[in-house]
Amino acid sequence: MALKDITLGQYFPGHSIVHRLDPRTKLISVVLYIVSLFLANWFITYIINFAVLAGAIALSRVPPKSILRGLKPILFIVAFTAVLNIFYTPGSTVLAHFWIFTITLEGVWRAFFMVVRIMMLISGTFLLTYTTSPILLTDGLEALLSPLKKVKVPVHELSMMMSIALRFIPTLIEETDKIMSAQRARGADFESGNLIQRAKALLPLLVPLFISAFRRADELATAMECRCYHGGEGRTRLRQLKYQMRDYVTLVLFLAVTAATGILSHFGL
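Residues numbered from 1 in each chain as written. Predicted model: local features only at pLDDT ≥ 70, side-chain atom pairs only at ≥ 80, totals over all residues. Heavy atoms only, no water.

K.L.:
I keep staring at the overall build of the protein and nothing clicks. Help me out?
P.N.:
Summing up its helical and strand segments, the protein has 10 helices and two strands in all. Taking the principal axes of the C-alpha coordinates as reference, the protein spans close to 65 × 60 × 40 Å. Within the span of the protein, comprising 269 residues, buried residues form 34% of the whole. Looking at the protein, you have 27 positive and 16 negative side-chain charges, and the mean spots of the two groups are 6 Å apart. (Helix = DSSP H or I, 4+ residues; strand = E, 2+ residues; numbered from the N terminus. Buried < 20%, exposed > 50% of the residue type's maximum accessible area, 1.4 Å probe, protein only. Lys, Arg positive; Asp, Glu negative; His and termini not counted. Charge placed at Lys NZ, Arg CZ, Asp CG, Glu CD.)

Shown next, in the form of structure tokens:
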């Protein structure tokens, strides 16, 4: 897996209907979609959720290969989760048994649905960051968490930190790739040996990577201070968030999908 395959935090500029949605709408829709995925338990409900995800990707005009490439880093976690579900799910229909492991038909189905659920959940989350700029994401988070201001929670600062952390993921990945290339040119080997040896070979990357991260953080703090940034108090925005008809339609659609998934799952569909 190449580091360039990690696409979390990247933003694909565009003018699709998904890009033009209010960031609050997209955040609420993602939460509803995650709830719907966890309510789904059989083919019909998963097909409904997959259709919603495929439709959103098509409307966003984000290349599907970009989303598939972003799934590569989690393939190991997905495979490990599938194996655990296959071997440790009890059931009445035994397919195979050896030593202390028993594979049941229920375990196979559960592993399959768990893999599909994780991949669809990650894809939906990626679509949020692909179609929402960090500034709008910060404004959307702050607007949704604004009721917490009444109990003295620093909502603006928390939203800013979350969006900055998300935005810097691609930057740190690019920096890591540069450091690895520089160390390869000096004879470092990151690809031979077993898993433990490869992990040890990556340890020399941590020091220059942390130094680079702290330097970038210090430069960002200095730049914000030079622009007289002092938090959310009295701060104005270039773009004011305002719901449009497309936002209401989107929210109603995701509410309907979540409700339908819950009802169908109750009847075992």
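Right, picking up where we left off after that structure.
K.L.:
Hey, could you run me through the packing of helix α7 (residues 134-145) against helix α8 (residues 155-185) in this one?
P.N.:
Helix-helix packing is described using two parameters, namely the angle between the two axes and the distance between the axes. At a minimum axis separation of 9 Å, α7 and α8 run at an interaxial angle of 145°. Crossing hand, α7 versus α8: right-handed. Here α7 contributes P134, L137, T138, L141, E142 and L145 to the contact with α8, which in turn contributes V155, H156, S159, M160, M162, S163, L166 and R167. Its residues assigned to classes, the contact of α7 with α8 comprises eight nonpolar, four polar and two charged. (Axes fitted to C-alpha atoms, helices over the stretch in contact; angles between N-to-C directions. Left-handed = near helix turned anticlockwise from the far one by under 90°. Contact = heavy atoms within 4.5 Å. Nonpolar A, V, L, I, M, F, W, Y, C, P; charged D, E, K, R; others polar.)

K.L.:
What's the story with the environment of L141 in this structure? I'm lost.
P.N.:
Note that L141 resides in helix α7. When its relative accessible area of 15% is taken as the criterion, L141 is described as buried. L141 sits 111 residues away from V252 along the chain, and the two C-alpha atoms are 20 Å apart. Contacts of L141, omitting those with residues within four sequence positions, involve L27, S159 and M162.

K.L.:
Mind showing me how you'd approach the nonpolar core here?
P.N.:
Note on soluble globular proteins: their nonpolar side chains tend to be buried together. One finds Y33, I67, M120 and L127 to be the most contacted residues of the largest nonpolar core, which totals 19 residues. Listed by contribution, the elements that provide at least two residues to this core are α2 (23-39), α3 (43-60), α6 (105-131) and α10 (245-266). Here this core gets six residues from one element, more than from any other, and that element is α6. If you look at the next biggest cluster of nonpolar residues, it comprises six residues, including L71, V78, A111 and V115. (Core = buried A, V, L, I, M, F, W, Y, C linked by side-chain atoms within 4.5 Å.)

K.L.:
Help me out: how do you make sense of the packing of aromatic side chains in this one?
P.N.:
Overall, the coordinates contain 15 aromatic pairs when judged by the stated rule. Centre to centre, the rings of F43 and W109 are 5.3 Å apart; their planes meet at 85°, and the pair counts as edge-to-face. With a gap of 66 residues between them, F43 in helix α3 and W109 in helix α6 connect regions that are remote in the sequence. With relative accessibility at 32%, the residue F43 sits in the partly exposed group. Owing to a relative accessible area of 31%, W109 belongs among the partly exposed residues under this scheme. For the ring pair Y243 and Y248, a centre distance of 5.7 Å and an interplane angle of 40° mean the geometry is tilted. With a relative accessible area of 25%, Y243 lands in the partly exposed category. Taken together, the aromatic side chains of W42, F43, Y46, W109, F112 and F113 make up a single cluster linked through ring pairs. (Phe/Tyr/Trp six-rings, centres within 6.5 Å; stacked < 30°, edge-to-face > 60°.)

K.L.:
I would appreciate a short explanation of the pairing of strand β2 (residues 101-104) in the present structure.
P.N.:
Remember that side chains alternate between the two faces of the sheet whenever the strand is regular. Bridge analysis of strand β1 (residues 94-98) against β2 gives four bridges, and the strand direction is antiparallel. Residue F98 lies in a different strand from β2, and its bridge partner there is F101. Where β1 folds back on β2, the antiparallel hairpin that results is connected by two residues, among which W99 adopts a positive phi of roughly 50°. (Pairing = 2+ DSSP bridges.)

K.L.:
In this structure, what is going on with unusual backbone geometry? I would like to understand it.
P.N.:
Keep in mind that most residues, glycine aside, have a negative phi and that most peptide bonds are trans. Located in the positive-phi region is R61, a residue other than glycine, with phi close to 60°. With respect to the helices and strands, R61 occurs in the loop between α3 and α4 (64-71). Of the residues examined, R61 reaches a relative accessible area of 69% and is grouped as exposed.

K.L.:
Any chance you could explain the environment of I34 here in plain terms?
P.N.:
With respect to the helices, strands and loops of the structure, I34 is situated in helix α2. The class for I34 is partly exposed, based on a relative accessible area of 25%. In this structure the C-alpha to C-alpha distance between I34 and I118, which are 84 residues apart in sequence, comes to 9.8 Å.

K.L.:
How should I be thinking about the packing of α4 against α6 in this particular structure?
P.N.:
Here α4 crosses α6 at 120°, and the two axes come no closer than 10 Å. Classified by the angle their axes make, α4 and α6 are oblique. At the point where α4 passes α6, the crossing takes the right-handed sense. The segment α4 lies against α6, with S66, I67, G70 and L71 engaging M119, I122, S123, F126, L127 and Y130. (Parallel < 35°, antiparallel > 145°, perpendicular 65-115°, else oblique.)

K.L.:
Please clarify how the layout of surface pockets should be interpreted in this entry.
P.N.:
Over the atoms rolls a probe the size of a water molecule, and its path tells where empty space is left. By volume, the second largest pocket amounts to about 470 Å³. For the lining of the second largest pocket, the per-class residue count stands at 15 nonpolar, six polar and two charged. (1 Å grid on protein atoms, 1.4 Å probe; cavity = no way out; pocket = protein on both sides within 12 Å on 5 of 7 lines; lining within 4 Å. Points joined across faces, edges and corners; volume = space filled by probe spheres on them.)

Read these as geometric descriptors, not functional statements.
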